Amino acid sequence: TNRASILKAVHETGGIITAAGIIMAIAFGGMLFSTTDTLNQIAWILFSSVLFDTFVVRTVLVPAVLTLAARVNWWPRKVPQGKLMDEFGNEATDESKDQALLSVNGSSP
């Protein structure tokens, strides 16, 4: 399902994204010790934007937008219909499959 896919992606990539963002922020933060004002300004912009991207955009905004764009996420293919799994890798029950299909199609139960 859409929700399960988003949760799995955030769970599997969250640590890597956070580590990479922190490493980049440390690297750009090293330029803050320069005596050149222009280099300090560029370093601050890079440092703050990398941290914003790491902790706000990729962990909050991207999953939120993907949740809102439920049906569009699967374009040009359709949502997988068979052997649906929940976010923990367990096979979904018939009731949860029906619920997932209804939520993707925009209908309410």
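Our structure is the block above this text.
Residues numbered from 1 in each chain as written. Predicted model: local features only at pLDDT ≥ 70, side-chain atom pairs only at ≥ 80, totals over all residues. Heavy atoms only, no water.

Asker: Sorry, what's going on with the overall build of the protein here?
Answerer: What the protein contains, in helices and strands, is three helices and zero strands. Written out in order from the N terminus, the α and β elements of the protein read α-α-α. With 109 residues in all, the protein has 17% of them scored as buried. Taking contacts inside the protein between residues at least 6 apart in sequence as the whole, the part at least 24 apart equals 53%. Accessible area of the protein: about 8,100 Å², with a carbon and sulfur share of 65%. (Helix = DSSP H or I, 4+ residues; strand = E, 2+ residues; numbered from the N terminus. Buried < 20%, exposed > 50% of the residue type's maximum accessible area, 1.4 Å probe, protein only. Contact = heavy atoms within 4.5 Å. Areas by Shrake-Rupley, 256 points an atom, 1.4 Å probe, with all protein chains shown as cover.)

Asker: Sorry if this is basic, but what is going on with the environment of Thr-67 here?
Answerer: Topologically, Thr-67 is positioned in helix α2 (residues 37-68). In sequence terms Thr-67 and Ile-6 are 61 residues apart; their C-alpha atoms lie 7.7 Å from each other. Among all residues touching Thr-67, those that are not within four sequence positions of it are Asn-2 and Ile-6.

Asker: Would you explain the packing of helix α1 (residues 2-29) against α2 in this entry?
Answerer: Angle between the axes and distance between the axes are the two parameters that describe a pair of packed helices. Contact geometry of α1 with α2 gives a least axis separation of 9 Å together with a crossing angle of 180°. Overall, the two elements α1 and α2 adopt an arrangement that is roughly antiparallel. Of the residues in α2, those in contact with Asn-2, Ile-6, Val-10, Ile-17, Thr-18, Gly-21, Ile-22, Met-24, Ala-25, Phe-28 and Gly-29 of α1 are Ala-43, Leu-46, Phe-47, Val-50, Leu-51, Thr-54, Phe-55, Arg-58, Pro-63, Leu-66 and Thr-67. (Axes fitted to C-alpha atoms, helices over the stretch in contact; angles between N-to-C directions. Parallel < 35°, antiparallel > 145°, perpendicular 65-115°, else oblique.)

Asker: Could you clarify how one ought to interpret α1 in this entry?
Answerer: Since the α-helix turns once every 3.6 residues, residues separated by three or four places project in the same direction. If you check α1, its first and last C-alpha atoms are 37 Å apart, about what 28 residues at 1.5 Å a residue would give, namely 40 Å. The largest bend along α1 measures about 45° and falls at Thr-13. Residues of α1 that are buried: Asn-2, Ala-4, Ile-6, Gly-14, Gly-21, Ala-25 and Gly-29. In this structure, the buried side of α1 is in contact with α2. (Expected span 1.5 Å × (residues − 1). Bend = angle between axes of the 7 residues up to and from the residue.)

Asker: How should the side chain of Thr-54 be read in this particular structure?
Answerer: Examined against the element boundaries, Thr-54 turns out to sit in helix α2. Residue class for Thr-54 comes out buried when judged on its relative accessible area of 2%. A distance of 2.8 Å separates a polar side-chain atom of Thr-54 from the backbone oxygen of Val-50. Leave out the neighbours within four places in its chain, and Thr-54 touches Ile-17, Thr-18, Gly-21 and Thr-59. (Polar contact = N/O pair within 3.5 Å; in protein donor to acceptor, adjacent residues only side chain to side chain.)

Asker: What am I meant to see in the packing of aromatic side chains here?
Answerer: Any aromatic ring pair is given by two values, namely how distant the centres are and how the planes are angled relative to each other. Within this structure, the stated rule accounts for one aromatic pair. Ring centres of Trp-44 and Phe-47 lie 5.9 Å apart, and the angle between their planes is 35°; on these two criteria the pair is classed as tilted. Of this pair, Trp-44 and Phe-47 both sit in helix α2, three residues apart, roughly one helical turn. With a relative accessible area of 22%, Phe-47 lands in the partly exposed category. (Phe/Tyr/Trp six-rings, centres within 6.5 Å; stacked < 30°, edge-to-face > 60°.)

In short, geometric facts, not functional conclusions.
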